[in-house]
Amino acid sequence: MNSLSIKNPKIFFFLVPFVAIVAFLANADRASPLDFQAEGKVWIMSWEGKNHGMPLLLIKEYGESGTTKKLESHDLLLKPDQISEGDDFYKEKGSKNCIINKVEVQCIK
């Protein structure tokens, strides 16, 4: 007798949609760098992040809440001479450009 035989093949009718839904939700959770929106001060700019060496940009937003927004992507085009910790930063959702210290530069591929 084959040890890999399946006694109840109906389980696949439930398993396939479950796997498809989980895969869709995993991809939907990842935001595109174009969707990133922030206005504040550069809190951390790391060129060799812990996630496979991807650049990491953390922006501490202005205002009372002071939330921190994170952009970690290989699509980041900024160079070390364009941005550093403490700089003013602004990026609109859907735009490939950022305004850093009142200078507009392309920051996303």
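Quick note: structure is the one above.
Every residue gets a number counted from 1 within its own chain, in the order that chain's sequence is written. The model is predicted, so local features are restricted to residues of pLDDT at least 70 and side-chain atom pairs to those at 80 or more, both for listing and for counting; the totals for chains, interfaces and linings are taken over all residues. Remark: hydrogens and water are excluded; side-chain values derive from all non-hydrogen atoms of the structure.

J.: Just to check I follow, could you spell out the nonpolar core for this structure?
T.: General note: in soluble globular proteins, nonpolar side chains tend to be found buried as a group. If you look at the biggest cluster of nonpolar residues, it comprises 16 residues, and the most contacted ones within it are Leu57, Ile83 and Phe89. Going along the chain from the N terminus, every DSSP run of H or I of four or more residues is numbered as a helix, and every run of E of two or more is numbered as a strand. If you list the elements that add at least two residues to this core, you get strand S1 (38–46), strand S2 (56–61) and strand S5 (97–100). Considering every element that reaches this core, the biggest residue donor is S1, with three residues. With sequence-adjacent residues up to four places away left out, Ile83 is seen in contact with Val42, Met45, Trp47, Leu57, Leu78, Phe89 and Ile100. Throughout, nonpolar core names a set of buried Ala, Val, Leu, Ile, Met, Phe, Trp, Tyr and Cys residues whose side chains join them through atoms within 4.5 Å. Buried residues are those whose accessible area, probed at 1.4 Å on protein chains only, stays under 20% of the maximum for their type, while exposed residues exceed 50% and partly exposed ones sit between those limits. Contacts are residue-level and defined by heavy atoms, with any inter-residue pair within 4.5 Å sufficient.

J.: Looking at this structure, I do not really get the pattern of salt bridges. What am I missing?
T.: A side-chain nitrogen of Lys or Arg and a carboxyl oxygen of Asp or Glu constitute a salt bridge if their distance falls within 4 Å. The full count for this structure, using the stated rule, is three salt bridges. In this structure, Asp88 and Lys41 form a salt bridge, with 3.1 Å as the shortest nitrogen-oxygen distance. Here the residue Asp88 occupies a position in strand S4 (residues 88–91), and Lys41 occupies one in strand S1, the gap between them amounting to 47 residues. Residue classification places Lys41 among the partly exposed residues on the basis of a relative accessible area of 36%. Glu72 serves as the salt-bridge partner of Lys70, at 3.5 Å between the closest nitrogen and oxygen. Residue Glu72 is classed as partly exposed on the basis of its relative accessible area, which comes to 24%.

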